[in-house]
Amino acid sequence: MSNTKTLIVTLLITAGLVLNGCQSFHGEPDNNLYQQLGERSGIADVVEDLLYLIVADERINHQFKGMNVAQFHRNLTDQLCELSGGPCTYSGREMRELHADMGITTTQFNALAENLILAMEKHQISTAAQNRLIKRLLPTYPDIRHL
Ligand code: HEM
């Protein structure tokens, strides 16, 4: 692994540990993230805004040309709903298989995460809830990023 890759992986792991640490420090239960995100309809609204941000983002929008928007919206909403502890089941294709041929860089992965944070911000989702969701998405990094 190159030094840059090692640094990025270390940063991601550290971010995960820090977020984890903050959570246990405050002693908050993690079972209400789904409610904090506004349940499935709140998550669907966030994903809708995420889609607008993706379309406007030159770092990543070319990757999404020609995709099925309705399917993407439904599947990503279900995935975030399930990940946040909600009563949904993600029924789309497996993450690694989906993103395999896209050549996604770390910068692009971070760009998508940044847009998701901006979309949550717009919907007045608390920073604590934003961080919890991002933390739960971090394990998808090795499956999404092009190796
Ligand atoms: C946290 C990071 C990410 C998550 C959780 C995620 C999640 C998903 C999910 C659930 C789908 C399935 C939607 C469907 O069935 O149509 C999907 C598809 C897709 N993702 Fe990602 N993704 C992430 C990062 C990225 C990045 C960084 C890119 C490109 C820059 C990307 C590009 C795509 C594209 C183009 C599709 C549509 C594939 C198709 O229709 O065949 N994703 N992603």
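Refer to the structure printed above.
Residues numbered from 1 in each chain as written. Predicted model: local features only at pLDDT ≥ 70, side-chain atom pairs only at ≥ 80, totals over all residues. Heavy atoms only, no water.

1. Remarks on the pattern of salt bridges
Stage number 1. Per the counting criterion, the structure on display carries six salt bridges.
Stage number 2. Between Asp49 and Lys122 there is a salt bridge, and its shortest N-O distance comes to 3.1 Å. With Asp49 in helix α3 (residues 39-56) and Lys122 in helix α6 (residues 106-122), this residue pair connects regions lying 73 residues apart in the sequence.
Stage number 3. Judged by relative accessible area, which is 55%, Lys122 ranks as exposed.
Stage number 4. Between Glu114 and Arg59 there is a salt bridge whose closest N-O contact spans 3.3 Å. Taken as a pair, Glu114 in helix α6 and Arg59 in the loop between α3 and α4 (69-83) lie far apart in primary sequence, 55 residues in all.
Stage number 5. Since its relative accessible area comes to 38%, Glu114 is described here as partly exposed.
Stage number 6. Connected through salt bridges with shared partners, the residues Asp57, Arg59 and Glu114 form a single ionic network. (Salt bridge = Lys/Arg side-chain N within 4 Å of Asp/Glu carboxyl O. Helix = DSSP H or I, 4+ residues; strand = E, 2+ residues; numbered from the N terminus. Buried < 20%, exposed > 50% of the residue type's maximum accessible area, 1.4 Å probe, protein only.)

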